[in-house]
Each structure stands twice: as structure tokens, then as C-alpha cells.
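Coordinates in review
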Amino acid sequence: IEEAAAEQVKNNILVEDARTGLSVDALKRAISNNLFYVQGKYPEIATRNDYFMAISYAVRDRMLQRWTSSVRQYISGKNKIVSYLSAEYLLGPHLANNLINLDIYSQMEQAVKELGFSLDWLIDKEVEPGLGNGGLGRLAACYMDSLASLEVPAIGYGIRYQFGIFEQAISDGWQVEDTDNWLRRGNPWEIARREISYDVKLGGHVQRYIDEKGKLINNWIPGWVVKGVAYDTPILGYKVNTANTLRLWKSEAPRTFDFQSFNAGEYSNAVNQKIICENISKVLYPNDEQIEGKKLRLQQQYFFVSCSLQDMINIHLRSGDKIENFYEKFVVQLNDTHPSIGIAEMMRLLLDVHRMEWDDAWKVTTKTFAYTNHTLLPEALETWDLELFASVLPRHLDIIYEINKRFLVDVTLKFFGNHQKIDSLSLIGEGRRKYIKMANLASVGSFAINGVASLHTELLKKTVLKDWYEFSPEKFSNKTNGVTPRRWMVLSNPQLTKLITSKIGDTWIKHLEELKGLEKYAEDPEFQQAWMEVKLEQKKKLTRKIHGTLGMIVNPESLFDIQVKRIHEYKRQHLNVLHIITLYNRIKRNPDIDIVPRTFIFAGKSAPGYRKAKLIIKLINAVGKVVNNDPDVKDRLKVVFYPNYNVTNAQKIYPAADLSEQISTAGKEASGTGNMKLSLNGALTVGTLDGANVEIRECVGEENFFLFGLTADEVEKTKSEGYRPWEYYKNNKYLREVIDQINDGYFSQLDQLIFKELTDSLLYDDQFMVLADYQSYVEIQDKIDEAFRDKSNWARMSILNTARMGKFSSDRSIREYCNEIWKVESVPVELIDPSKTS
Ligand code: 7GP
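An account of the accompanying structure is given in this report. (Residues numbered from 1 in each chain as written. Predicted model: local features only at pLDDT ≥ 70, side-chain atom pairs only at ≥ 80, totals over all residues. Heavy atoms only, no water.)

Notes on the overall build of the chain
Counting its secondary structure elements, the chain contains 34 helices and 24 strands. At 28 Å, the chain has a C-alpha radius of gyration in line with the 28 Å of a compact globule built from 838 residues. The dimensions of the chain, computed from C-alpha atoms along their principal axes, are 90 × 75 × 55 Å. (Helix = DSSP H or I, 4+ residues; strand = E, 2+ residues; numbered from the N terminus. Rg over C-alpha atoms; globule rule 2.2 N^0.38 Å.)

A few points about the packing of aromatic side chains
Scanning the model with the defined rule gives 26 aromatic pairs in all. Between tyrosine 143 and tyrosine 817 the ring centres are 5.6 Å apart and the planes differ by 65°, which places this aromatic pair in the edge-to-face class. With a gap of 674 residues between them, tyrosine 143 in helix α7 (residues 135–149) and tyrosine 817 in helix α34 (residues 810–822) connect regions that are remote in the sequence. For tyrosine 817, a relative accessible area of 1% puts it in the buried group. When the ring of tyrosine 198 is compared with that of tryptophan 249, the centres are 5.7 Å apart and the planes differ by 75°; the resulting orientation is edge-to-face. Note that tyrosine 198 is positioned in strand β7 (residues 191–202) and tryptophan 249 in strand β11 (residues 243–252), a separation of 51 residues in sequence. For tyrosine 198, a relative accessible area of 10% puts it in the buried group. Sitting over the ring of tryptophan 67, arginine 193 keeps its end group 5.2 Å from the ring centre. Sitting above the plane of the phenylalanine 560 ring, lysine 539 keeps its charged end 5.0 Å from the centroid. (Phe/Tyr/Trp six-rings, centres within 6.5 Å; stacked < 30°, edge-to-face > 60°. Buried < 20%, exposed > 50% of the residue type's maximum accessible area, 1.4 Å probe, protein only. Lys NZ or Arg CZ within 6 Å of the ring centre and 35° of its normal.)

Brief notes about the sheet that holds strand β21 (residues 637–641)
Pairing in this open sheet of 6 strands is parallel, and the strands run β21-β20-β19-β22-β23-β24 from one edge to the other. Taken across any chain shown, the strands that pair with only one partner, and hence form the sheet edges, are β21 and β24 (706–707). Of the strand pairs in this sheet, strand β19 (residues 559–564) and strand β22 (residues 659–662) are connected by 2 bridges, and their pairing is parallel. The partner of aspartate 561 across the bridge, within β22, is leucine 659. (Pairing = 2+ DSSP bridges.)

Remarks on the environment of valine 626
Relative to the helices and strands, valine 626 resides in helix α24 (residues 611–629). You can call valine 626 partly exposed: its relative accessible area is 21%. Between the alpha carbons of valine 626 and valine 226 there is a distance of 54 Å; along the sequence they are 400 residues apart. The contacts of valine 626, once residues within four sequence positions are left out, are Tyr584, Tyr746 and Phe747. (Contact = heavy atoms within 4.5 Å.)

Some thoughts on the state of the cysteines
The tally for this structure, following the rule as stated, stands at 0 disulfides. In this structure cysteine 307 is a free cysteine whose sulfur lies 12 Å from that of cysteine 277, the closest cysteine sulfur available. The thiol of cysteine 818 is unpaired, and the distance to the nearest cysteine sulfur, on cysteine 142, comes to 15 Å. (Disulfide = S-S within 2.5 Å.)

Here it is, written out as C-alpha cells:
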């Protein structure tokens, strides 16, 4: 605090300024002021939300100097800016994170306490912006944190969905969805920039003519136009001056459009138009790794990409530079193919608006974009029906045809006569109906293509992007994902943070490799005890949370066995369930059997239209109901389905985990990031050789990782030799018993139909090799049971897991993107003195 105050004096800022002061008194005054002048309340009638808003505004004020200073430096300076384009940002609540990054957590805690409240109580009030589905959206949020913490100039662009990911409730064991009206109590973190807006054309047709200079003009006459308005949220770096911008676009009706109809006396028509325009940013599509080829989704993608590119060009030109140099000012990262229409849009802006020639425009475009792939699942590869596409983006269809025509000339030169290659690389697919392949558009228009874990990148090169790899191998590289230790350790696990810091100082928060320093304490009995005490404390907290939410009592001394992530067949929550039933049957056969008590905790949302995933949720709850209430079990097994998994809840769950379930079918999980957060928090992993598990195991040491299951190669081999799941069922009496029980209605009050879809798919198809991996999974779980009994050894392994997770900081990932793809450097921000700007 003293240093910060001295810094302020040096910068000639009033130390006790109500908007910038960092002392407890200044913060108290700021909160009271905001309560009165912003919320219009006095303490006796103020609600908890009023206080939340008052304190949030006090925090935001303290961010603004950094924010405006960062913006000024980026716009005026010659530095290159990273533009992250993502349809999703799963940020999580801001308040606690901003307090940590501003380094005023303890002062604020004291200030709030002196006002008669607890800071935790106010932090718990925040409704998180759930503007993403899962891994891809959360990664974008971690990357924004690391970019700012590394002082890299960056803007994140996306959509300000009015409704984020649905809220999940569980009713009679089934998932039910409710709307996520996250803005209903206001959002203190954003600033609406009404003056920053762009028109986006949609539909209509293209008029072609030759102008007086003999040039072919493509004039896109739109069917309608929407306006995108910028809503900015500051993203603060950890203990640095940098505050980057997350700019989310809200769709509105352009004024001119309204006027036309109003003038024609068509009032209701005008109002209708307004509704149609606002629809575009209304709701996040809740599908995870499953495309939904809806027109509105394409409109959303184009809407935010067009606003963002117009904005970047505007920023670039305003600095006095030429459009030809755009790629020297901005590098644009495509977060999967959702924003890949940006490649055609960039071409349109350069050709039609800035009147560039094709070759020059193509040069600028292909030096601007880079593409990250996040999944190998074929059902997630985006394609657009050509007719649908033409009805939304007629001009872009022309452009894509032209890109394709020129590209296929090069392809033909390279792979002469190889029609398989030409078909596979073409941007247009020819089935019963023609379609546009967005991964191909992204690949042709980008100078770099990356996967998100080493195995994933290798598989990309061998499977979905094989022909692209053969065509331009130089574009490919791997960038293993990472997570921010600020949110996923300092914020969510302050007790462990404190313990670690007491041994190795606090610089590990910015340099996570320094956790290595903990290794030498791994065998120290005192440290082990302190370590396990923190773990137990976190488990007790979660125990209270579970009791509060579900009314269930679980034993904090039991092994907390945790699988939290989207519900998907490839992630195999049902394999976990088969193991639970196996343990249950052992107890039923021998009620006195000695097994380690376990609490199985599941959480995750299913896409609302994904029937089998919803059935898996029902199965977890059905098995839970029987197991949790069977007196023979004597509370040794508990199954918990924690509803509405989101960032807020994840922060409470990860620190309490003993065991992290990362059990996807090998070759299916691109990386995973929950695996990293759990291991960082001292959980041991039971996992397959999939995604980043491979690298985690390499780092923590194979003796500290519970490996099981087929490898990606073995999965392919087994499949090609004709996989018959039925054989596994037939030959394994315990597996048979488990499947038969589900089928016979043991967990469904004798209803034999309810789970049939699930068991049939396991027995006769089993795409995800659940039955093939069952035996190996049960065996490793038996080893885990044994290992957990040796408390000291478990503590040692847990400490080593944390100590060796340094690689998985998103700071490391972002450094690699900066050095190897973006070629950008950090730019320390100089603070502007607000009292001296006139
Ligand atoms: C996810 C991957 O499933 C996960 O393995 C990875 O860690 C994460 O991205 C971040 O890279 N993919 C998605 O969330 C997703 O929606 C479809 O992928 C495009």
C-alpha cells in the first residue's frame, strides 16, 4: 500500500482521491459515495445488490486510469495489437479477480468490514457473465487475463449476448434449462460506447456494373442492416498498469431504418424491424462441439466479425497509417472457425470499401489471420449450406468462390490429377447439397494454424487437416493450452496460495514454473500435514456448499472424486458411473468390505437438444438415488450431481478435489483445461492418454498419475479390426452385471425403457469405447483406493502435482503465441494523470 501511495505522490495524483485512493479510508468513502450518488441509496435502505454495485464502481474507478492509459498508448504508439476474435468468453465474476489484479484485496476486505459487511458476502452476489459454453470460451478468458498480465496490447472482440448459457436445474434427475438473464440487475463492469458503432449489411443481392474507369464494381444491396454498438469491459493485468479491452457488440436497429418505415406510416413494421435486429445478439447458442446450422447463428458470427474488422480498420487508419499496412498494426486470432467468415469479410472491406486490387487485398488478409482449431470431432466442423449462406452473405459467396478458384489452381499444380486432394481442400463441398467448409476458409486465409495440445496437433495433421498439412506444413504448430493461476489458484484457493507463498515467496503467481521450488518439501511431514489440512478445509467448504444447495450430507474425509465438464459421450461420464455401480455391487455382495469412502461429484451442462447426454445426467442421478440411500452402503459411497456448473461453481469445486477424472476416449479431447486447474490445485489425475493429459503426465511424472485405457492409436486399430462391444459385455461378468442392472430397471424403479437408448448404444455401437476401457478403468481405480490409504504418500504426490504444473500457465501459452505466431512484444503502460488531461 505504501509503495502504491508513494507511486501516486510521484505521479502527482491526490493520494486520497475518492476515485483513485487505495487506502482503507479512501475505499470506504468511495463505497459510501457510490451508494449515495450512483445507487441513490443510504445505508438503511440499501440492498445487498446496491452494496455490490457501489463497491464494484469503486473498483472500476481504480481501473479506469490504467484502462485509458493503455488505450492511449496502443492507439498512438507504433505497437502491434493482438485482436482475439471469439464468439464466446466465459469470464466468470469480475469483482474478486479485479481486486486481486489491482492488488487491493485486503484493503477492500477491511473497508467493507468496517462498513459492517463481509467482502465474501458481496462477492457471492455477483452474477457471472456466462457468455460461453465450455473450454473454448473459458480459454479465451484465461488468454485475456494473460495478455494483460504480460502487458501485451490486445483487444478481445465478441458478442454481448443478452442471455448467456442457460441456467441448469435438476428436476427428478433430469436437466431442465432456464434463461440466464445476467444483465437484469445491471452490469457495473461495462461501459457502453454508443459513439462506437458500425452498420452491418445482411441478405439482399449483389449488383455488378462497370464504372466509368472500366472497373468492375460489386455493389452489395443489402436486404437489411443492423447496427453494432460497442460495450467495453476492462481486463486488468496482474499487478501491472495494463488494462486491455474486451469489446462486445450489441445489435440494434439503425436509426435510418426506423425512419423509413415510420415515415411510411408503418409503425408496427418499424417496431418489428427493431426486434429482428436486436435478435442477433439476443442469445448464446448452447451447443458444445455440435454445430447447429441455423441462419441466426451465421448472422451472429458475421455481425460481430464485421463490426470488429471495421473497428480495427478504423483504429488503424486513424493513426494515420495506410490500409496496406494493416497487418503491421493488427494480428487477428480466430478462436476456432466461428469467426472465420472474417477472412471473406476482410477481403470485401479491402476490395469493395477500400478499393484495393485482389492480389494486394489477399496479401494483407493472409498476413493478418491465424487460426486455432479446438476439436477433432467431425460433428463440430462447421459447414454452411450454400443456399442459406447466399441468402445471408451473397457478396461473401462471390468472394469465397474467387478465393477457391485461385487456390485450386495452386492445389492442382501441387497435386496434379489427385482429385481426392482437390475435393478435400476445396472450400466448397459437394454432397446432395453444396456447402461451405469453414475450416478450409480459415486454413487458406491464415498464415498460421495451431492445435491446443501436442497430441491434438499431431492428430490434426494426420486427420481433419491432413491435406492442409501436406499442402502447407509451414503453417502448422502446436500451442498447448494453459490456465491463469490468478483466477484458478490465487482467487479460488487463497489458503493454498498462502501456504505455497510461505515457502517460495509469491513470484510464482507470475512465473508458475517457480512452483518447482515446492518439490523439496514434498517429503517434509510437516509440510505434508499443512498441505492436507488446506485440502481438508477446502473439502469442508464444498461439503457445506453441497449441503446448502442439495441438502445432502457428505463426508469431507472421504476421497473427493471429481468429474466436472460439459456432459458429452466422448468425455465418458457414463464410464465413471459404471465404476460407481461396480463398487456398489461389491458392497452389496460383501457389506463389510473394506473400501475407501468416496464422494463422487459430477457437474456439467448438456446441450439442450443432446438426448444421450441428458440421459447420462439422469443416469448419474438415478444411480445416486439408490446408492446414497442404501443402508448397506453405510455412507461409504455418495454420488453428487452439483447443478449449474459455471465459473463461479468451478472455483468452489476445483480446490476440494482429491481425484481428477480425465477419462475421455483417447484422441477425442483436444486438450482439456479443467485437467490443468485440478492438478494445479493438488488433485491427482486418473486419465487416458488424451489431449493435454499426455503432457501433464510427462510433467508430474508417470508415478504420480493414474493412467488407464486404450491409446489413440489403439482406439483406431481396435475400430478398424471391427470393434464388438458386445464381446466385452459377454466376457466380463462384473461389467455384465452392471449393464444388466441398468437395463433391468434397478436404478429406475423397474422402468426398463428409460436407459435403453444408452445401454443399446454401449452394447451395439459404443463409438467411444466405454466397454473396451471398463476393465482397465476399474483396475486403476482399485490402485487409487490403495494409494489413498497411505496419507503421507498421497500428500507427497499431491504436492508434486502442484509443483510440476508450471508449464500449464496461460502466461506460457500466450508467450508462445506472441513469439511464434503474432510477433508482438509487451508494452509497459505509462499512467496518465487524470487531473492533467485537458
Ligand atoms: C474445447 C475442447 O473440447 C477442449 O479439449 C479444449 O481444452 C478447449 O476447447 C480449449 O481449447 N472445444 C470447445 O469448447 C468447442 O466448442 C468446438 O469446440 C469448436
